[in-house]
Amino acid sequence: MKKVISCVLLMLILTSNALALEVPTDTVVQNLNGSQQAIKTFTVSPEQDPAALIEEPFELEGYLYTFADIVKSENSVEETQIHTEVITVETTKDDLALILEQLKPTIEYDDGRFQGTLALDHTSLNTVAAGYATKNYTVTETKTIGQLDRNDMSYVPATTIKNGKTLSLANVEWQVTGTDLVGEALMPSQYQAVATYSAKASYQAATGYVTTAEYVGDVTHEGVESVTYVLTYIGTKANHKGADAAQVGAFFADHFPWILGGIVLICAAVGGTLLVCRRKAVVKAECEADETEENEEDQEA
């Protein structure tokens, strides 16, 4: 029973101590001018609570150490790197002067960690159409057909070709270019036709333009990257009996509910085992008594 309780207590103590503190980056034990010291160094994030690094009194190499002092030092960092930021602007025309009006020469950059001023790289400009829409228009062509002896439509072609597109005759205007005397009157003797041709056409026109531009420059990060804490513990010669008693007493005070529960469970288990063993002994005794009576009856018979 005592051995079981001791094992349970030892496991609880080891588990509690293992989860108590972070691992120091360096530990130095020294005797300085007669003062026994244990110096532990931790390098942690700036958000770390330094109070969580302080240990309860602990024993090391025959000395019992208690916390005495903590010293904090910040580890600053400065980083510089080249950053490229891409932005876009929209214009109604693919015109460089109009595009540059939409772009600032420099912009300020800040992502919460790096800051700096970026300058426009003019060689990075790239403009493309934002979209296309269909536009309709009319193609026209005018032809003059002259030196005709009469104003006859058979002299006027019904179609004509312009830039590879077929245009249809839309209108004809007849003009007199010569006359002859017939009797006492002048009569038209020559004509020319002014023919107008037309056709419907369409094309894809850009609805607007999008320009991408790059801003380039050095950005810098400055701040506290980590914090170093140096904790000093003063040691005195350990009194094992007193220390062990104090440690056990403190442990019992901190973990009394758990220990009490463990003891109750152990006692229940041991009690159950004893009851089973006692029951087996009673049954065995009853069986032996029955066998004795049967033997005596046989002998009398």
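J.: Can you lay out the overall build of the protein chain for me, pointing to particular residues and giving the numbers?
T.: What the protein chain contains, in helices and strands, is 4 helices and 9 strands. Start at the N end of the protein chain and walk to the C end: the helices and strands fall as α-β-β-β-β-α-β-β-β-β-β-α-α. Counting across all 301 residues of the protein chain, residues that qualify as buried make up 22%. Long-range contacts, defined as pairs at least 24 residues apart, comprise 73% of the intrachain contacts of the protein chain with a sequence gap of at least 6. When the accessible surface of the protein chain is split by element, carbon and sulfur atoms take 54% of a total near 21,000 Å².

J.: Can you explain unusual backbone geometry? Please cite residues and give values.
T.: Positive phi outside glycine occurs at asparagine 33, with the angle close to 55°. Secondary-structure assignment places asparagine 33 in the loop between strand E1 (26-32) and strand E2 (35-44). Here asparagine 33 falls in the exposed class, since its relative accessible area comes to 77%. Its identity is not glycine, yet glutamine 147 carries a phi of approximately 55°, on the positive side. The topology assignment puts glutamine 147 in strand E6 (residues 115-148).

J.: Now, about the pairing of E6: what can you tell me, with residues and values included?
T.: Bridge analysis of strand E5 (residues 106-110) against E6 gives 5 bridges, and the strand direction is antiparallel. Each residue of the ladder has a partner; that of threonine 106, found in E6, is alanine 119. Turn length for the E5-E6 hairpin, with the two strands adjacent in sequence and antiparallel, is 4 residues, and the turn residue glycine 112 shows positive phi of about 95°. One ladder, built from 24 bridges, connects E6 with strand E9 (residues 185-237); its direction is antiparallel. Across the sheet, threonine 134 pairs through a bridge with glutamine 204, a residue of E9.

J.: So what about the confidence of the model for the protein chain? Which residues, and what values?
T.: The predicted structure's coordinates, where accompanied by low pLDDT, should not be read in detail. Confidence along the protein chain averages 84 in pLDDT terms, with 73% of residues attaining 70 or more. Within the model, the stretch residues 1-20 combines pLDDT values under 50 with 13 contacts to residues more than four positions away or in other chains.

J.: I'd love a proper account of the packing of aromatic side chains, names of residues and values included.
T.: By the definition in use, this model includes 5 aromatic pairs. With centroids separated by 5.1 Å and ring planes inclined at 70°, the aromatic side chains of phenylalanine 58 and tyrosine 233 adopt a geometry described as edge-to-face. With a gap of 175 residues between them, phenylalanine 58 in strand E3 (residues 58-60) and tyrosine 233 in strand E9 connect regions that are remote in the sequence. With relative accessibility at 0%, the residue tyrosine 233 sits in the buried group.

J.: Outline the environment of serine 76, supporting the account with residue identities and numerical values.
T.: Inspection of the secondary structure puts serine 76 in strand E4 (residues 63-91). Using a relative accessible area of 64% as the deciding quantity, one classes serine 76 as exposed. Each C-alpha atom, one on serine 76 and one on serine 226, is 7.3 Å from the other, the two residues being 150 residues apart in sequence. Apart from the residues lying within four places of it in its own chain, the contact partners of serine 76 are Gly223 and Val224.

J.: Give a description of the side chain of threonine 228 that names residues and reports values.
T.: Here threonine 228 is to be found in strand E9. Among the polar contacts made by the side chain of threonine 228, one reaches the side chain of threonine 43 at a distance of 3.4 Å. There is a polar contact of 3.0 Å between the side chain of threonine 228 and the side chain of asparagine 75. Setting aside anything within four residues of it in sequence, one finds threonine 228 in contact with Thr41, Phe42, Thr43, Val71, Lys72, Ser73 and Asn75.

J.: Account for the pattern of salt bridges, naming residues and giving values.
T.: Under the definition given, this model contains 5 salt bridges. In this structure, glutamate 141 engages lysine 162 in a salt bridge whose closest nitrogen and oxygen atoms are separated by 3.6 Å. With glutamate 141 in strand E6 and lysine 162 in strand E7 (residues 159-162), this residue pair connects regions lying 21 residues apart in the sequence. Across the pair aspartate 149 and arginine 150 runs a salt bridge whose closest N-O atoms are separated by 3.3 Å. Among the residues examined, aspartate 149 registers a relative accessible area of 47% and is labelled partly exposed. Beyond isolated ion pairs, a larger network of salt bridges with shared partners links Asp149, Arg150 and Asp152.

J.: Would you mind going over the pairing of E1 in detail, with residue names and values included?
T.: Two elements, E1 and E2, share 7 bridges in a ladder whose sense is antiparallel. In the strand pairing of E2, leucine 32 is matched with serine 35.

J.: Please give an account of the nonpolar core that cites residues and values.
T.: Membership of the largest hydrophobic core is limited to 12 residues, which are Val139, Ile145, Leu148, Val156, Leu167, Val172, Tyr191, Ala193, Ala195, Tyr197, Ala199 and Ala201. Going through the elements one at a time, E6, strand E8 (165-182) and E9 are the ones with two or more residues in this core. For this core, the leading source of residues is E9, giving 6 residues. Excluding anything up to four places from it in sequence, alanine 199 contacts Tyr137, Thr138, Val139, Lys165, Thr166 and Leu167.

Procedures and definitions
Residues numbered from 1 in each chain as written. Predicted model: local features only at pLDDT ≥ 70, side-chain atom pairs only at ≥ 80, totals over all residues. Heavy atoms only, no water. Helix = DSSP H or I, 4+ residues; strand = E, 2+ residues; numbered from the N terminus. Buried < 20%, exposed > 50% of the residue type's maximum accessible area, 1.4 Å probe, protein only. Contact = heavy atoms within 4.5 Å. Areas by Shrake-Rupley, 256 points an atom, 1.4 Å probe, with all protein chains shown as cover. Pairing = 2+ DSSP bridges. pLDDT = per-residue confidence, 0-100. Phe/Tyr/Trp six-rings, centres within 6.5 Å; stacked < 30°, edge-to-face > 60°. Polar contact = N/O pair within 3.5 Å; in protein donor to acceptor, adjacent residues only side chain to side chain. Salt bridge = Lys/Arg side-chain N within 4 Å of Asp/Glu carboxyl O. Core = buried A, V, L, I, M, F, W, Y, C linked by side-chain atoms within 4.5 Å.

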